[in-house]
Amino acid sequence: MIGWVPAVLGALAGLLLVYALALLLLWRLSPPEATLREALRLLPDLLRLVRSLAADRALPRRVRVHLVLLLGYLALPFDLVPDVVPVLGYADDAVVVALVLRAVVRAAGPDAVRRHRAGTPVGLDLVLRLAGQRER
């Protein structure tokens, strides 16, 4: 029974390392003027942005399909990594959102994101940074 202790301790150490790296990444990506309130508003604003972009008939069909699939993925009760797994459970959602946003910005351009943005300019800057763009 003692053999499982090192495995559990190793898994916990790995989770702590991933958590520390995720915090470091968010700190590096966040603009200096970002507040806690803006960080808390980011998820609802991001969902509104994705829904609005998916409904825009001016965007290429491929982009809208990606966005609808993203909304479906986020609505599903199961993920690649279950949400009950600390840190990693939500990190896979963030990675999927960032990859889809990057594809949308490359196909439709950052101006489409600016037209449909919801929230603050700081939130828009963070969304564009997640998509691999810099706010100008």
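In the block above lies the structure referred to throughout.
Everything quoted here is computed from the prediction, not taken from an experiment.

(A) Structural detail: the side chain of Arg64. For Arg64, the position within the fold is in helix α3 (residues 61–75). One buried charged residue, Arg64, forms no salt bridge at all, with the nearest opposite charge on Asp56 at 6.9 Å. At 3.3 Å, the side chain of Arg64 and the backbone oxygen of Leu59 are in polar contact. Not counting chain neighbours up to four residues away, the residues in contact with Arg64 comprise Leu53, Ala54, Asp56, Arg57 and Leu59.

(B) The pattern of salt bridges, seen in detail. Scanning the model with the defined rule gives two salt bridges in all. Residue Arg115 is joined to Asp56 by a salt bridge in which the shortest nitrogen-to-oxygen separation is 3.8 Å. Residue Arg115 is located in helix α5 (residues 110–116), and its partner Asp56 is located in the loop between α2 (36–55) and α3; the two are separated by 59 residues in the primary sequence. Here Arg115 falls in the exposed class, since its relative accessible area comes to 54%. For Asp56, a relative accessible area of 13% translates into the label buried. With a shortest N-O distance of 3.0 Å, Arg114 and Asp111 are connected by a salt bridge. With a gap of three residues between them, Arg114 and Asp111 both fall in helix α5, about one helical turn apart.

What counts, and at which threshold
- Residues numbered from 1 in each chain as written.
- Predicted model: local features only at pLDDT ≥ 70, side-chain atom pairs only at ≥ 80, totals over all residues.
- Heavy atoms only, no water.
- Helix = DSSP H or I, 4+ residues; strand = E, 2+ residues; numbered from the N terminus.
- Buried < 20%, exposed > 50% of the residue type's maximum accessible area, 1.4 Å probe, protein only.
- Lys, Arg positive; Asp, Glu negative; His and termini not counted.
- Salt bridge = Lys/Arg side-chain N within 4 Å of Asp/Glu carboxyl O.
- Polar contact = N/O pair within 3.5 Å; in protein donor to acceptor, adjacent residues only side chain to side chain.
- Contact = heavy atoms within 4.5 Å.

Limitation: the analysis is restricted to geometry and does not speak to function.
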